[in-house]
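Secondary and tertiary structure notes
Listed below are the residues making up each chain.
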Amino acid sequence: MPDTPYLTIDLDKIEHNARTLVALCAAHGITVTGVTKCVCGHPEVARAMLRGGVASIADSRLANIRRLKAAGIHQAGMLLRLPALSVADAVVETVELSLNSEPAVLARLSAAAERRGIVHGVILMVDLGDLREGAWPTEFTTLVQTARNLSGILLRGIGTNLACFGGVVPTATNMNQLVEFAVAAERINGRPLEWISGANSSALELIASGRMPARINHARLGEAILLGRETVQRKAWPGTHQDAFVLHAEVLELNTKPSMPIGERGEDAFGHRPSFRDRGPMRRVLLNVGREDVMVEGVTPLEPGVEILGASSGYLVLDVSRAKRDLSVGDELRFALDYGALLAAMTSEYVAKHLVGGGSRAVADRR
Ligand SMILES: *Cc1c(COP(=O)(O)O)cnc(C)c1O
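Along every chain, residues carry numbers that run from 1 in the direction the sequence is written. Local features in a predicted model are, by the rule used here, given only for residues with pLDDT of at least 70; side-chain atom pairs are given and counted only at 80 or more, and totals for whole chains, interfaces and linings are based on all residues. By convention in this description, side-chain values take in all heavy atoms of the structure and omit both hydrogens and water.

Okay, the overall build of the protein chain next. The helix and strand inventory of the protein chain stands at 10 helices and 17 strands. Computation of the radius of gyration draws on C-alpha atoms alone. For the globule rule, the value is 2.2 Å times the number of residues to the power 0.38. Against the compact-globule benchmark of 21 Å for 367 residues, the protein chain has a radius of gyration of 23 Å, which places it among compact chains. Projecting the C-alpha coordinates of the protein chain onto the three principal axes gives extents of approximately 75 × 45 × 40 Å. Evaluated residue by residue, the protein chain yields a buried proportion of 51% over its 367 residues. By definition, any uninterrupted DSSP run of H or I lasting at least four residues is a helix, any uninterrupted run of E lasting at least two residues is a strand, and each is numbered from the N terminus. When accessible area is computed with a 1.4 Å probe and restricted to protein chains, residues below 20% of their type maximum are described as buried, those above 50% as exposed, and intermediate ones as partly exposed.

Okay, here's the thing in structure tokens:
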């Protein structure tokens, strides 16, 4: 086992989740691209997704896509985050396809592609109300016209992203709107679009219920594959694993202490004034994981009777008074992670990454 804290990454569970969701989507005419931004473009996670049948890999960061390509994963060809003007050259050099919403960026990408004698593929994003990326509907046809007139750009599809900023739920209504925009784009462009990219992990219910419009043919799935959840209500998706990732930390100190701080009180380490309830003396544990390792609000103890009291940069403070196990210094405790906690733990260089399954023979990987 690696030094604590560490994250176990079960590649077989990720592969299984991918296979389950790819089958669901395939039954409804939808091709799946696996999204690796939450795991920093981890090549072995991408390989597990590909073994599970995803058609390609997308990420929101060029650095992650470079890591994937350097590991030989040539299917990592889609950039999800809107390209910055300043990196247009790097974008056309690194990926075959990017999501876009700004005419000025399309012009820059086109010029960069022309200089290289290539054509850069784009999916144009329309904002159907979630209020993150995408041209506003009234501007969308202008954006399509811009793309059409740029010789270094190939319009390969249109898409939308929901349930990410505004928490807007995908429905037959907003997905039919997307199809209408696709029809308009095809009319302007004079030929059919390859992709109508309507879905992310929030669309699983809509797809499974058979209410997703038939012309939606592409999904970009991250959380559903990694954590086995749809993202409207964060329900565990039937037939998938929710525990492909588990965080392990070690008991540094174990003591019976009061539940109320003693003395005059000001701010804590992060500028907050915490409140406490007097519950009398409790068995308290300090673990070697904190805010520099994980988003503490997103972890859940996998052991009954263990309660998180709070955290600083390097410590997690627990009440283990009702723990079933008789804990000692040096014991490991395990935690489930939500999307935010997984993102932070994958990004933290202080959390070792320990691969299991997938023929990895339990190799510790400490990027
Ligand atoms: C992150 C992201 C996704 C994947 O979302 P999940 O909810 O993890 O499936 C899809 N599309 C875009 C544009 C993204 O940024």
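Looking at helix 3 (residues 62–70), one finds that the buried residues are L62, N64, I65 and L68. The buried side chains of helix 3 occupy one side of the element, clustering within an arc of 155° when seen end-on. In this structure, the buried residues of helix 3 make contact with helix 2 (43–51), strand 3 (56–59), strand 4 (76–79) and helix 4 (88–94). Remark: G72 follows helix 3 within two positions and exhibits a positive phi of approximately 90°. Here, the arc refers to the directions that run from the helix axis to the C-beta atoms. Should any heavy atoms of two residues lie within 4.5 Å, those residues are considered in contact.

The biggest cluster of nonpolar side chains holds 102 residues, and the ones touching the most others in it are I14, F245, L287 and L337. Once you skip the residues sitting within four places of it in the chain, F245 turns out to touch L7, T8, I9, I14, V39, L226, L227, L337, L342 and M346. Judged by nonpolar contacts, the second largest core, of nine residues, contains V35, A58, L97 and L99. Among the buried residues, those of types Ala, Val, Leu, Ile, Met, Phe, Trp, Tyr and Cys that are joined through side-chain atoms within 4.5 Å form a nonpolar core.

Looking now at the environment of I73. Locating I73 in the fold gives a position in the loop between helix 3 and strand 4. The spatial distance from the C-alpha of I73 to the C-alpha of E44 is 9.7 Å, given a sequence separation of 29 residues. The contacts of I73, once residues within four sequence positions are left out, are P43, A46, R47, L50, I57 and L68.

Moving on to helix 6 (residues 137–148). By this rule the span expected of a helix is its residue count minus one, scaled by 1.5 Å. With 12 residues, helix 6 extends 17 Å between its outermost C-alpha atoms, agreeing within 8% with the 16 Å of an ideal straight helix rising 1.5 Å per residue. Here helix 6 has its buried residues at F140, L143, V144 and A147. For helix 6, the angular spread of buried residues about the axis comes to 100°, placing them on one side.

Lines fitted to C-alpha atoms define the axes, with helix axes restricted to the stretch in contact, and inter-axis angles between N-to-C directions lie between 0 and 180 degrees. It is at 10 Å that the axes of helix 6 and helix 7 (residues 172–189) come closest, and there the two elements cross at 30°. The chirality of how helix 6 crosses helix 7 is right-handed. From helix 6, P137, F140, T141, V144, Q145 and R148 reach across to helix 7, where they touch F181, A185, I188 and N189. For the contact of helix 6 with helix 7, a count of residues per class yields six nonpolar, three polar and one charged. A clockwise turn of the near helix away from the far one marks a right-handed crossing, whereas an anticlockwise turn of less than a right angle marks a left-handed crossing. Residues were grouped as follows: Ala, Val, Leu, Ile, Met, Phe, Trp, Tyr, Cys and Pro as nonpolar; Asp, Glu, Lys and Arg as charged; and all remaining residues, including Gly, as polar.

Paired through their backbone hydrogen bonds, the strands of a sheet run either parallel or antiparallel. Two strands are counted as paired when DSSP detects at least two bridges linking them. In space, the eight strands of this closed barrel follow the order 2-3-4-5-6-7-8-9, with parallel pairing throughout. Strand after strand, the sheet turns through a mean of 30° between neighbouring axes, direction not considered. As paired strands, strand 8 (residues 195–199) and strand 9 (residues 218–221) are joined by two bridges and run parallel to one another. Pairing of A199 across the sheet is with A219, part of strand 9. Of the strands in this sheet, strand 2 (31–35) and strand 3 touch helix 2, which is tilted by about 140° from strand 3.

Let us now look at the packing of aromatic side chains. The aromatic pairing rule takes the rings of Phe, Tyr and Trp, using the six-membered ring of Trp, and pairs them if the centres are within 6.5 Å, calling planes under 30 degrees apart stacked, those over 60 edge-to-face and the rest tilted. Throughout the structure, instances matching the rule amount to one aromatic pair. Both rings, one in F140 and one in F181, keep their centres 5.4 Å apart while their planes meet at 80°; by these two values the pair is edge-to-face. Residue F140 is located in helix 6, and its partner F181 is located in helix 7; the two are separated by 41 residues in the primary sequence. Assigned by exposure class, F140 and F181 land together as buried. Two limits define a charge over a ring: the Lys NZ or Arg CZ must be within 6 Å of the ring centre, and within 35 degrees of the ring normal. Lying across the ring of F270, R291 places its NZ or CZ 5.4 Å from the centre.

Let us look at the side chain of T160. Along the polypeptide, T160 turns up in the loop between strand 7 (153–159) and helix 7. Under this definition, polar contacts are N or O atom pairs within 3.5 Å; protein pairs additionally need one hydrogen-donor-capable and one acceptor-capable atom, and for neighbouring residues in sequence, both atoms have to be side-chain atoms. Polar contacts involving the side chain of T160 include one to the main-chain carbonyl oxygen of V126, which spans 2.6 Å. Not counting chain neighbours up to four residues away, the residues in contact with T160 comprise M125, V126, D127, L128, M175, L178, S197, G198 and R220.

This brings us to the site of the ligand. The ligand sits among 13 residues. The nearest are K37, S201, R220, G222 and E223. Separating an oxygen atom of the ligand from a backbone N or O atom of E223 is a distance of 2.8 Å. Considering the ligand on its own, with 390 Å² of exposed area, one finds that the protein chains cover 95% of that surface. Residues that form the shell around the ligand fall into these classes: four nonpolar, four polar and five charged. Nearness is defined per residue: one heavy atom within 4 Å of the molecule or strand is enough. To measure how exposed things are, a 1.4 Å probe is used in the Shrake-Rupley method; for residues, cover is taken only from the protein chains shown.

Salt bridges are defined by distance alone: a side-chain nitrogen of Lys or Arg within 4 Å of a carboxyl oxygen of Asp or Glu. Going through the model one piece at a time under the given rule, you end up with 19 salt bridges. When salt bridges that share partners are traced, they join D89, E93, R115 and R116 into one network.

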